[in-house]
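Okay, here's what each chain looks like letter by letter:
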Amino acid sequence: MKIILMRHGQAEDETRPDSARQLTDYGQQQAAQTAAYIAGHYAPDYFVVSPYERAKQTLAELQSRLPGVPFTVQDNITPSDDAHKALTDLANIEVECMVVVCHMSIVAHLAGLLIGESPESFALAEARIFEMEFVMTGMATEIDRFVPEQ
C-alpha cells in the first residue's frame, strides 16, 4: 500500500483562529501543482484531511483532478496532535493508496514514524510517498517526493 503525506499550501497570516486560516492565492497555486503531480503519477483511492480550512482547500485541488475519490475528515491530524495516535487511526483504513492532507508538525512526525527516523520538515504543499506492506512504525520506505516551485 501507499500513503501520500501532503502538507497544505501557504496560508494567510494569523488574523483568524488557526483552524479558520485560508490558503493565499500562492498557496492555492502550490496545492494545485502538487495535486497535478499526485494525479499524474498515482491512483489514490482514499483521501484523509484535517478539519482545518487550509487543509480542506488543499484537498479540493486533489478532488478537482480526482473526482469521486471518497474522503474522511480526521480530527486528530491538526498541527499539535499526537502522531502515534493519528498513525494508529490511519492504519485502520484499508485502501491501496491514501492521501493524507495535514500540517506541520504532525506531517513530519507521521513521516518519521513511517520510516522509523527523526522528523524532517515539509515544505509548503510538499508531498512524500511511502510504500509498505502494512501501516506500522518503521515499516515504510519513502519512494518519491514532490515540492512545488517555491
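Every chain is numbered independently, its residues counted from 1 as its sequence is written. Thresholds applied to this predicted model are a pLDDT of at least 70 for local features of residues and 80 or more for the giving and counting of side-chain atom pairs; totals over whole chains, interfaces and linings are not thresholded and use all residues. Hydrogens are left out, water is left out, and the side-chain values use all remaining heavy atoms of the structure.

Enquirer: Could you give an account of a nonpolar patch on the surface, with specific residues and numbers?
Expert: Exposure above 30% relative accessible area and the absence of a salt bridge qualify a residue for a patch, where like charges join within 9 Å and nonpolar side chains (Val, Leu, Ile, Met, Phe, Trp, Tyr) within 5 Å. Per-residue and other accessible areas follow the Shrake-Rupley method at a 1.4 Å probe size, with only the shown protein chains counted as cover for residues. Salt bridges are defined as contacts in which a side-chain nitrogen from Lys or Arg sits within 4 Å of a carboxyl oxygen from Asp or Glu. Residues Phe134, Met136 and Met139 make up a contiguous nonpolar surface patch of about 290 Å² in total accessible area. A run of DSSP states H or I qualifies as a helix once it reaches four residues; a run of E qualifies as a strand once it reaches two. Both are numbered from the N-terminal end. Within the secondary structure layout, Met136 lies in the loop between β5 (127-131) and β6 (141-146).

Enquirer: Which residues make up the packing of helix α3 (residues 83-91) against helix α4 (residues 106-115), and what values go with them?
Expert: Each pair of packed helices can be described by the angle between their axes along with the distance between the axes. Note on method: axes are straight lines fitted to C-alpha atoms, helices fitted across the in-contact stretch only, with angles between N-to-C directions ranging 0 to 180 degrees. Contact geometry for α3 and α4: axes closest at 9 Å, N-to-C directions at 65°. Compared by their axis directions, α3 and α4 come out roughly perpendicular. The hand of the α3/α4 crossing is right-handed. Here α3 contributes Ala83, His84, Ala86, Leu87 and Leu90 to the contact with α4, which in turn contributes Ile106, His109, Leu110, Leu113 and Leu114. Here the nonpolar group is Ala, Val, Leu, Ile, Met, Phe, Trp, Tyr, Cys and Pro; Asp, Glu, Lys and Arg are the charged ones; every other residue, Gly included, is treated as polar. Residue composition of the contact of α3 with α4, grouped by class: eight nonpolar, two polar and no charged. Each angle receives one of four descriptions, namely roughly parallel if under 35 degrees, roughly antiparallel if over 145, roughly perpendicular if within 65 to 115, and oblique otherwise. Crossings are sorted by hand: turned counterclockwise from the far helix by less than a right angle, the near helix makes the crossing left-handed, and turned clockwise it makes it right-handed. The criterion used for residue contact is that any of the two residues' heavy atoms lie within 4.5 Å.

Enquirer: Break down the sheet that holds β6 for me, citing the residues and quoting the values.
Expert: Strands sit in the order β3-β2-β4-β1-β5-β6 across an open sheet of six strands; the sheet is mixed. Of all the strands in the sheet, the pair left with one neighbour each is β3 (71-73) and β6. Neighbour-to-neighbour, the strand axes of this sheet turn through a mean angle of 20°, independent of strand direction. One requirement defines pairing of two strands: DSSP has to find at least two bridges between them. With five bridges connecting them, strand β1 (residues 2-7) and β5 associate as antiparallel partners.

Enquirer: Give a detailed account of the side chain of His8, specifying residues and quantitative values.
Expert: Residue placement: His8 occurs in the loop between β1 and α1 (25-41). Polar contact is the term for a pair of N or O atoms within 3.5 Å; when the atoms are in protein, one must be able to donate a hydrogen and the other to accept it, and sequence-neighboring residues count only if both atoms are side-chain atoms. There is a polar contact of 3.1 Å between the side chain of His8 and the side chain of Arg54. Each residue touching His8, except ones within four places of it in the same chain, is listed here: Arg54, Ala55, Thr58, Cys102, His103, Leu124 and Ala125.

Enquirer: An account of the packing of aromatic side chains is needed here, citing residue identities and associated values.
Expert: Given two aromatic rings, one states the distance between the centres and the angle between the planes to describe the pair. Geometry of aromatic contacts follows a simple scheme: Phe, Tyr and Trp rings, the Trp one being its six-membered ring, pair when their centres are within 6.5 Å, and the pair is stacked under 30 degrees between planes, edge-to-face over 60, tilted otherwise. With the rule as written, the count across this model stands at one aromatic pair. Measuring from ring centre to ring centre gives 4.5 Å for Tyr37 and Phe146, while their planes differ by 15°; the resulting arrangement is stacked. One end of the pair, Tyr37, is in helix α1; the other, Phe146, is in strand β6, and 109 residues separate them in sequence. We note that Tyr37, like Phe146, is buried. As a reminder, the over-ring test applies to NZ of lysine and CZ of arginine, requiring each to be within 6 Å of the ring centre and within 35 degrees of the ring normal. The lysine or arginine in question, Arg128, covers the ring of Phe122, its NZ or CZ lying 3.7 Å from the ring centre. The buried label applies to any residue whose accessible area, calculated with a 1.4 Å probe on protein chains only, is under 20% of its type's maximum; exposed applies above 50%, and partly exposed to all values in between.

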